[in-house]
Every structure is written in structure tokens, then in C-alpha cells.
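Next come the chains, spelled out residue by residue.
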Amino acid sequence: MPQRAEEIAQQFHQAYEELAPNHGYETREASRKPWSEVPENNRSLMVAVVDRLLSEGVIR
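Residues numbered from 1 in each chain as written. Predicted model: local features only at pLDDT ≥ 70, side-chain atom pairs only at ≥ 80, totals over all residues. Heavy atoms only, no water.

S.K.: Could you clarify how one ought to interpret the pattern of salt bridges in this entry?
M.R.: Going through the model one piece at a time under the given rule, you end up with 4 salt bridges. The partner of Arg32 in a salt bridge is Glu29, and the shortest N-O contact between them spans 2.8 Å. Assessed through its relative accessible area of 34%, Arg32 is described here as partly exposed. Put simply, Arg43 and Glu40 hold a salt bridge, and the shortest N to O gap is 2.4 Å. (Salt bridge = Lys/Arg side-chain N within 4 Å of Asp/Glu carboxyl O. Buried < 20%, exposed > 50% of the residue type's maximum accessible area, 1.4 Å probe, protein only.)

Written out as C-alpha cells, the structure is:
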């Protein structure tokens, strides 16, 4: 499941960055990075959140 969680977190990050301007939100320059450049602690947090949601059945 962790690999799937990372794939979902990466897709979430990408979609969030792409959709933010359509909702009147501009992400901070410091956080506007491709997944490969997101700091490790931020990536691991996002993966952990997705992993929990998968394990709780919130997302499938």
C-alpha cells in the first residue's frame, strides 16, 4: 500500500497545483514545485496521510 499511497499523494499534489489558480488561490512560490523537488518531510507527510485514508477505507 505505501507505493500506492505515494502515487496518489503525487497525483494529488500535481492536481492541487494545477487547479489552485482556477479557485482563486495562488500557491506559495516556495511550495510550487514538482513532486520530485518537494522536501522529503513534506512528501512523507502527504504519503502518510494518504496511507491512513487508504487503510481507513476513506479512499480506495
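Structure shown, so let's carry the discussion forward.
S.K.: Which parts of the structure should I look at to understand the packing of helix 1 (residues 2-19) against helix 2 (residues 40-55)?
M.R.: Between two packed helices, what matters for the description is the angle formed by their axes and the separation of those axes. One way to put it is that helix 1 packs onto helix 2 with a least axis distance of 8 Å and a crossing angle of 115°. Between helix 1 and helix 2 lies a crossing whose hand is right-handed. Here Pro2, Arg4, Ala5, Glu6, Ile8, Ala9 and His13 of helix 1 lie close against helix 2, whose contacting residues are Met46, Val47, Val50, Asp51 and Leu54. The class makeup of the residues in the contact of helix 1 with helix 2 is 8 nonpolar, 1 polar and 3 charged. (Axes fitted to C-alpha atoms, helices over the stretch in contact; angles between N-to-C directions. Helix = DSSP H or I, 4+ residues; strand = E, 2+ residues; numbered from the N terminus. Left-handed = near helix turned anticlockwise from the far one by under 90°. Contact = heavy atoms within 4.5 Å. Nonpolar A, V, L, I, M, F, W, Y, C, P; charged D, E, K, R; others polar.)

S.K.: Explain the environment of Arg28 to me, please; I cannot follow it from the model alone.
M.R.: Here Arg28 is to be found in the loop between helix 1 and helix 2. For Arg28 and Glu56, which are 28 residues apart along the polypeptide, the C-alpha to C-alpha distance reads 31 Å.

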